[in-house]
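# Examination of the molecular architecture
These are the residues of each chain, in order.
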Number of protein chains: 4
Amino acid sequence: MGATFGRNLRLTIFGESHGKGIGMILDGLPPGTPIDEAFIKTEMARRAPGKNKMSTQRQETDVFILESGVFEGKAAGTPLCVLIPNSDQHSKDYSILKDKMRPGHADYAGKMKYRGFNDYRGGGHFSGRLTAPLVFAGAVAKTLLRQKGIAVGAHIARIGRVTDVMFDPLGEPEARLNALREQTLPVLDESRAPLMEAEIMAAREQQDSVGGVVEVMATGLPPGIGDPFFDSLESRLAHALFSVPAVKGLEFGTGFGIAAMKGSEANDPMRFEAGCVVTTSNHNGGITGGITNGMPILFRVAIKPTPSISRPQQTVDLAAGSDTVLEIKGRHDPCIVPRAVPVIEAVTAWILQDMMM
Amino acid sequence: MGATFGRNLRLTIFGESHGKGIGMILDGLPPGTPIDEAFIKTEMARRAPGKNKMSTQRQETDVFILESGVFEGKAAGTPLCVLIPNSDQHSKDYSILKDKMRPGHADYAGKMKYRGFNDYRGGGHFSGRLTAPLVFAGAVAKTLLRQKGIAVGAHIARIGRVTDVMFDPLGEPEARLNALREQTLPVLDESRAPLMEAEIMAAREQQDSVGGVVEVMATGLPPGIGDPFFDSLESRLAHALFSVPAVKGLEFGTGFGIAAMKGSEANDPMRFEAGCVVTTSNHNGGITGGITNGMPILFRVAIKPTPSISRPQQTVDLAAGSDTVLEIKGRHDPCIVPRAVPVIEAVTAWILQDMMM
Amino acid sequence: MGATFGRNLRLTIFGESHGKGIGMILDGLPPGTPIDEAFIKTEMARRAPGKNKMSTQRQETDVFILESGVFEGKAAGTPLCVLIPNSDQHSKDYSILKDKMRPGHADYAGKMKYRGFNDYRGGGHFSGRLTAPLVFAGAVAKTLLRQKGIAVGAHIARIGRVTDVMFDPLGEPEARLNALREQTLPVLDESRAPLMEAEIMAAREQQDSVGGVVEVMATGLPPGIGDPFFDSLESRLAHALFSVPAVKGLEFGTGFGIAAMKGSEANDPMRFEAGCVVTTSNHNGGITGGITNGMPILFRVAIKPTPSISRPQQTVDLAAGSDTVLEIKGRHDPCIVPRAVPVIEAVTAWILQDMMM
Amino acid sequence: MGATFGRNLRLTIFGESHGKGIGMILDGLPPGTPIDEAFIKTEMARRAPGKNKMSTQRQETDVFILESGVFEGKAAGTPLCVLIPNSDQHSKDYSILKDKMRPGHADYAGKMKYRGFNDYRGGGHFSGRLTAPLVFAGAVAKTLLRQKGIAVGAHIARIGRVTDVMFDPLGEPEARLNALREQTLPVLDESRAPLMEAEIMAAREQQDSVGGVVEVMATGLPPGIGDPFFDSLESRLAHALFSVPAVKGLEFGTGFGIAAMKGSEANDPMRFEAGCVVTTSNHNGGITGGITNGMPILFRVAIKPTPSISRPQQTVDLAAGSDTVLEIKGRHDPCIVPRAVPVIEAVTAWILQDMMM
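Per chain, residues are indexed from 1 in the order of the written sequence. Working convention: letters from A go to chains and numbers from 1 go to ligands, in the order in which they are written. Only residues with pLDDT of at least 70 are given local features in this predicted model, and only at 80 or more are side-chain atom pairs given and counted; all residues enter the totals for whole chains, interfaces and linings. Heavy atoms throughout the structure, all of them, feed into the side-chain values; hydrogens and water do not.

Turning our eyes to something else, we now look at the overall build of chain A. Helical segments are the DSSP runs of H or I of at least four residues, strand segments are the runs of E of at least two, and each set is numbered from the N terminus. Helices and strands together make up the secondary structure of chain A, namely eight helices and 18 strands. Based on C-alpha atoms, the radius of gyration is set beside the globule rule, defined as 2.2 Å times the residue count to the power 0.38. Its C-alpha atoms give chain A a radius of gyration of 21 Å, near enough to 21 Å, the size a compact globule of 357 residues would have. Overall, chain A is about 70 × 50 × 35 Å in size when its C-alpha atoms are taken along their principal axes. Contact between two residues is taken to exist if any of their heavy atoms lie within 4.5 Å; hydrogens are not considered. In chain A, the share of contacts with a sequence separation of at least 24, taken over all contacts with a separation of at least 6, comes to 72%. Areas reported here follow the Shrake-Rupley algorithm with a probe of radius 1.4 Å; residue values treat only the protein chains shown as occluding. With the model as given, the accessible surface of chain A reaches about 10700 Å², and the carbon-plus-sulfur share is 51%. His is not counted here, nor are the chain ends, while Lys and Arg score as positive and Asp and Glu score as negative. The location of each charge is read from NZ of Lys, CZ of Arg, CG of Asp or CD of Glu. Across chain A, 38 positive and 39 negative side-chain charges occur, with their mean positions spaced 5 Å apart.

Take the relation of the copies chain B and chain A next. What relates the pair of chain copies is a rotation about an axis plus a shift along that axis. For these two chains of identical sequence, chain B goes onto chain A by a turn of 180° and a shift of 0.0 Å along the axis, with RMSD 0.0 Å. Such a combination of rotation and displacement between the chain copies is what one expects of a two-fold axis. Looking at chain B, 99% of its interface residues are interface residues in chain A too, so the copies touch through the same face. Least-squares superposition aligns the copies on the C-alpha atoms of those residues with pLDDT at or above 70 in both.

This part takes up the confidence of the model for chain A. Per-residue confidence from the predictor is given as pLDDT, running between 0 and 100. Overall, the predicted model of chain A reaches an average pLDDT of 95, with 97% of residues at or above 70. This prediction of the complex comes with two scores: 0.97 for pTM and 0.97 for ipTM.

To continue, consider the interface of chain B and chain A. Across the contact, 103 residues belong to chain B and 102 residues belong to chain A. Throughout, the accessible surface (probe 1.4 Å) given up by two parts as they are put together, summed over both, is called the buried area. A buried area of about 7800 Å², summed over both sides, lies between chain B and chain A, and 65% of it is on carbon and sulfur atoms. Considering only the surface of chain B that becomes buried against chain A, Phe229, Phe230 and Lys248 of chain B emerge as the three largest contributors, covering 12% of it. Just to be clear on terms, a salt bridge is a Lys or Arg side-chain nitrogen sitting within 4 Å of an Asp or Glu carboxyl oxygen. For the pair chain B and chain A, the interface holds four salt bridges. Of the charged contacts in the structure, one is a salt bridge between Glu234 of chain A and Lys248 of chain B, with a shortest N-O distance of 2.7 Å. Polar contact is defined as a pair of N or O atoms within 3.5 Å, subject to the rule that within protein one atom must be able to donate a hydrogen and the other to accept it, and that residues adjacent in sequence are counted only when both atoms are side-chain atoms. At the junction of chain B with chain A, the criterion picks out 51 residue pairs in polar contact (both at pLDDT 80 or more). Considering each element in turn, the side of chain B that touches chain A owes the most residues, six residues, to strand S11 (residues 247–252) of chain B. Side-chain classes are defined by residue name, with Ala, Val, Leu, Ile, Met, Phe, Trp, Tyr, Cys and Pro counting as nonpolar, Asp, Glu, Lys and Arg as charged, and the others, Gly among them, as polar. Its residues assigned to classes, the side of chain B that touches chain A comprises 49 nonpolar, 35 polar and 19 charged. Two strands pair under a simple rule: DSSP has to find at least two bridges between them. Both strand S11 (residues 247–252) of chain A and S11 of chain B contribute to a ladder of three bridges, which runs antiparallel. Each bridged residue has a counterpart across the sheet, and for Leu250 of chain A the counterpart in S11 of chain B is Leu250 of chain B.

Turning to helix H5 (residues 192–205) of chain C, a few remarks are in order. All names here are of chain C. To estimate the expected span of a helix, subtract one from its residue number and multiply by 1.5 Å. Compared with an ideal rise of 1.5 Å per residue, which puts 14 residues at 20 Å, H5 spans 20 Å between its outermost C-alpha atoms and is within 8% of the ideal. Looking at the packing, one finds that the buried side of H5 touches strand S8 (151–159), strand S9 (162–163) and helix H8 (337–356). Positioned one or two residues after H5, Gln207 has a phi angle of 55°, which is positive.

Strand order in the open sheet formed by ten strands is S9(C)-S8(C)-S10(C)-S16(C)-S11(C)-S11(D)-S16(D)-S10(D)-S8(D)-S9(D), and the pairing between neighbours is antiparallel. Lying at the two open borders of the sheet, with one neighbouring strand each, are S9 of chain C together with strand S9 (162–163) of chain D. Relative to strand S10 (residues 212–219) of chain C, S8 of chain C runs antiparallel, the two sharing eight bridges. Residue pairing across strands places Arg158 of chain C opposite Val213 of chain C, the latter belonging to S10 of chain C. Lines fitted to C-alpha atoms define the axes, with helix axes restricted to the stretch in contact, and inter-axis angles between N-to-C directions lie between 0 and 180 degrees. Along the sheet, helix H6 (residues 233–241) of chain D makes contact with strand S11 (247–252) of chain C together with strand S11 (247–252) and strand S16 (297–303) of chain D, crossing S11 of chain D at roughly 160°.

Moving on to the side chain of Glu67 of chain B. Turning to its location among the elements, Glu67 of chain B is positioned in strand S4 (residues 65–68). Not counting residues within four places of it along the chain, the set of residues in contact with Glu67 of chain B comprises Cys81 and Leu83 of chain B together with Phe14, Gly19, Lys20, Gly21 and Leu83 of chain C.

Turning next to unusual backbone geometry. With phi around 55°, Arg115 of chain A is a residue other than glycine that occupies positive phi space. Looking at where Arg115 of chain A falls in the secondary structure, it is placed in the loop between helix H2 (107–113) and helix H3 (131–147). We classify Arg115 of chain A as exposed; its relative accessible area is 53%. Despite not being glycine, Ala246 of chain D shows a phi value in the positive range, around 85°. Judged by its relative accessible area of 17%, Ala246 of chain D is buried. Relative accessibility decides the category of a residue: with a 1.4 Å probe and only protein chains considered, values under 20% of the type maximum give buried, values over 50% give exposed, and everything between is partly exposed.

Next up on the list: the pattern of salt bridges. Residues and elements named next belong to chain A. According to the stated counting rule, one finds 92 salt bridges over all chains in the structure shown. Between Asp354 and Arg236 there is a salt bridge, with its nearest N and O atoms 3.8 Å apart. On the criterion of sequence distance, the pair formed by Asp354 in helix H8 (residues 337–356) and Arg236 in helix H6 (residues 233–241) is long-range, its members being 118 residues apart. Per residue, the accessibility class of Asp354 equals that of Arg236, and both read buried.

Pairing of aromatic rings covers Phe, Tyr and the six-membered ring of Trp, with a centre-to-centre limit of 6.5 Å; geometry is then stacked below 30 degrees between planes, edge-to-face above 60, and tilted otherwise. Taken as a whole, this structure holds 38 aromatic pairs over all chains when the rule is applied. Centroid distance Phe256 of chain C to Phe256 of chain D: 6.1 Å. Interplanar angle 65°. Geometry classified as edge-to-face. Of this pair, Phe256 of chain C sits in the loop between S11 and helix H7 (263–266) while Phe256 of chain D sits in the loop between S11 and helix H7 (263–266), each in a different chain. Residue Phe256 of chain C is classed as buried on the basis of its relative accessible area, which comes to 17%. Connected via pairs of aromatic rings, a cluster forms that spans Phe5 and Trp350 of chain A together with Phe229 and Phe230 of chain B.

A word on the sheet that holds strand S7 (residues 80–85) of chain D. All names here are of chain D. Within the open sheet, the five strands sit side by side as S1-S2-S3-S7-S4. Their pairing is antiparallel. Whereas interior strands pair on both sides, the edge strands pair on one side only; in this sheet they are strand S1 (4–5) and strand S4 (65–68). Sheet topology note: the S1/strand S2 (residues 10–15) ladder contains two bridges and is antiparallel. Following the sheet pairing, Thr4 is matched in S2 by Thr12.

Moving on to the environment of Gly171 of chain B. Residue and element names in this part refer to chain B. Take Gly171: it is sitting in the loop between strand S9 (162–163) and helix H4 (174–179). Taking C-alpha positions, Gly171 is 41 Å from Asp107, a pair spaced 64 residues apart along the chain. Ignoring anything within four residues of it in the chain, the contact list for Gly171 reads Met217 and Pro296.

Residues and elements named next belong to chain A. Across the nine residues that make up strand S8 (residues 151–159), a large majority, eight, are buried. Two strands pair when backbone bridges link them, and S8 and strand S9 (residues 162–163) are joined in this way by two bridges, in the antiparallel orientation. Each residue of the ladder has a partner; that of Ile159, found in S9, is Val162.

It is worth spelling out the environment of Gly286 of chain A at this point. Residues and elements named next belong to chain A. With respect to the element layout, Gly286 can be found in the loop between strand S13 (276–279) and strand S14 (287–288). Residue classification places Gly286 among the buried positions, given a relative accessible area of 0%. When the C-alpha positions of Gly286 and Pro169 are compared, they lie 8.9 Å apart, and in sequence the two are 117 residues distant. Setting aside its immediate chain neighbours within four residues, Gly286 contacts Ile291, Thr292, Asn293, Met295, Pro296 and Ile297.

Moving on, we come to the packing of helix H1 (residues 37–47) of chain A against H8 of chain A. Residue and element names in this part refer to chain A. H8 packs onto H1 with a crossing angle of 135° between their chain directions and a minimal axis gap of 7 Å. One finds that H1 runs oblique with respect to H8. Here H1 contributes Glu43, Arg46 and Arg47 to the contact with H8, which in turn contributes Arg339, Val341, Pro342, Val343 and Glu345. When the residues that make up the contact of H1 with H8 are grouped by side-chain class, the tally is three nonpolar, no polar and five charged. These descriptions rest on fixed angle ranges, namely under 35 degrees for roughly parallel, over 145 for roughly antiparallel, 65 to 115 for roughly perpendicular, and the rest for oblique.

Right, here's the structure in full:
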């Protein structure tokens, strides 16, 4: 199970890295929603690998085919199915992975779950490639959010040892959130970009990988979105965000930092401003009681270094029943954080749109 | 919405702090599951306030009534309804809260969502009191997990500036996990308990509150539990944990720390040990690809300081349409972290049991 | 499982006939929905047994307690929990039912499902008494539908060999639908009522029971409600209606009669009337493609004779492992059809309201 | 919404009659489930039109492409996506349908729901063609049921004025259920087949269509499958069956006939037979209290005559805002009942398998 999520804008994903294709069904789009293929392509290009030396050289063209649900350029209201055919598959590369488990990867857990019947080639269903359909869904959701004056943006808050400055918790201008989309390494302090690139290239040279943190902001949400308890906005965002491969942490507002604070510091003081209720700090990341309070949504996700590296690693050979050293030749992705940015944004946009319907 | 969660062990909660009562329905319990009322009472007593100076003095007796689903001391298999009548209600205390919004609390977000129709007294449905039914559900789930050799334990990893040592990521003995239940302030290094108590009492004297971090471990899970993507174990735990009021952060394994690591450090090396596959580190917190890998589940949650404090606070008066200073006389909870420990444990046990069915 | 249904107005029921109490949680009510206790009581009285010789003499007072979700007479927007305490329990009556299975009843199927752990007294969770919470939910839904100009009414179309005339498929005046609520035996042709009563009393004298058919109409629905396929209005009504104990058949519009028709007869011709699109016949019962077409919703449900009868019946004794004859002394319900009418109406109102949100 | 249904074997469908393609995702298949393409093709051929004069001449090749979830001929355990490309599309045929609503069809209800954005060509998403993916899902489910000794079979109980004999409610041999699959018109009394064919051909000559009834039996189910109330087997079968286009009625066991019976007649007497509990009649269709009792599942569905006919029909022109007469030239399906048989069977198999997991 696990292929479907969403209450009002229900997303179902499918596919394996080395099968015929991957894709998704998006059910619940308002009839008439513009399906802006040019914008979707731009968003998907942000995620696609192979663009520069900082990512894997696997060419994923991510050409998508609209199988259903779109009529004359607009959402018909019926289930929208997108198919992304696989190409550039080097299945032979992966035969070694049938029994030798990559440390840190889903290989072993997946093999136990599926009792050996799953497609192990290139990670199969666990491949990061499965995030491409999420980006499609997010691009459509962004179109709908934009109509409501809601903007979603993200930057790389950290790669390895290099950090960026953080978003102003009280809000960033929409133009600044949008401008981040244009940057190869989306950062607020552009002087950090070359340092991050150096961090990535160093990992690459060492046949290693490096992790990072992505910070996300959404502005323009009205107060009152979300529910107490099991449909809290934090719960549903967390559910979707932890579905993205490699996410290992999530914190809203001041997050773990709030644990060291006093109530008198953490409670965001409230006041009227131009007839609206605002807070003068935003330690709660725009959400109290699981519900938006009208301030910007703010959170950070921790992304682990991609586990597929070329360095020799200690692992097990399940067929032989013995310990072994695994060495995978060839290209790999030294840092997935830049490519994770549009995915995290997309998931955020999808859930926000879902919860506003 | 938001009252119901769970796939196979579905929990629905209800109630307001100052209504007739609160409670829950638990649907999907295997027929014959022992309903150990003595154990449940012990668990609920761990959460109940009023036991010592470190918590609010509100006496919540948390007497529970089994309305349905239990027959001759065992789960009948039909929906189990538990009612916890409210008592010790001081509704008059709260009249001030009708229009003056407590900063950091759900008051404003809730009022916007429910358009002013919700019961504002004592936080109403947003009250921390609603976590009592979760503890009931968790106690039943623990009974079932214990039968499978699975133990769940938690300690206070931080209160304000005081930290505890952390769990050994490779696992703690079940006895140690269980022993934590007996401690007023469950910590691994008992020398930290008085320091934490001092931190709490200092906050109390300042009419303030203080936050913290809870660390959770579950041992004994077989590999293969969880699904990729939207039913990943991390997704479902995150969904339920962020439903607990005051939780603002969650990290699995090394969590945010993994963002600064290399793949060669973060990838947990694998080897055979007594015929089983184990890892020699546990940066992934027992979960890869959203699925258990047989190592202990390990995560931490950040708890914000309770927003209800007695110090004067800057806020708004919605009826007057003006800024104001709110001062709430009387008792409050200087630190909910100790009482959050059994709640976080309970939610963990519930979700683990749900996903093993 | 099976305690919860509904997408936007989610109902969860609980309880056993001879436990402490039964009840329900209704989640998703618009904040401010009037909770008209007087109207709810009238609706519940229609279902309650013991009012006359045509029903069982068990006195079910059906007093309800609003545990949560109602504040100052209106829905707070939070989960509304209603508790209906059990009374007039004669548990001793039922000891015979522990091992001797009533033919036609859920006894055997339930015992197999719950492996003998379920409460067998009085049918336990399978008791028709569990329909009382449905009537509560339906009464609240009717309040909301009425605000939108939607009326729901039902009559007894058949009891045993006696039939009523049928609703005019093109619609009945709201007043007529409402007037049916006042009749002991709600029929369109009042001359049939005494004949139906005679049919019931004859069954009673023979220590037997008799079944029937209920016909339901809902007027005032706009076109466009429902979805294709799995959320078709027919699917969701059918799901909920077949959850009502004793329902064994359901047909929309001309129903089974349509099987013998030609397309040219069954296709309801369309035309404009006062600017609205109407049909000049209503063989489709107001639903095409799973979606309302603006004509009245019309369907019939078949209700089987209540299986609890006093006549000796051939059955099995599971403890003895042998065939036996079961004879249950005392009162039973010779015909549940009149009491099923408000239940069927209530379920209809709940689902219609759910699908219009 | 409405594209997804199922608890443990979750099916999501997509597609429009004249888009790129249609298909489905099946999530939750046990890893290793054989995907028997030859068997699936046979099943899909039973549904496909264009085989003889009794159906529409539209050639739907129903070639399917396994996009994901199958590895080395077996289910991988991950979401199985099947794509069925559209071909033989004559979109020009349908331009007349943009504004002129076919009586009895989903045209008008769908246009209201989707506010005119849906693909109206050939019925779009409402096309009977969307049942092809259901047959695929059912074929896989049948494979799993067969492993458990469960057989599902169906026959045409009625077409227009011609009826077949009915199944023996106490059970049919598996061989007989399977043999029905081989018949062009699956009937128990083969002498009825030519009469039914004549009924269909007469409708065809009159440019008209004719409805019918399908009767379904499933044998081999153990007692205890299903849940009380909202997950009753009847509820879930009804939900899925009423999702099939053209289904207007459903009755279990004796169905509407039970309404005229006494309890003493309708209660199926129980006895031991070869150590098992059986009933000596089966008026309840194998289900009591929503749960299987070990007897064969038995039900009938009413299928309305296909609304697409060539005869002139009275309807509305929404663009002109006036009444009009619609005349659709060319081929249509004089009777969908024979092709509905494998669809109804498939849905039954899917839901039974889902509820046994």
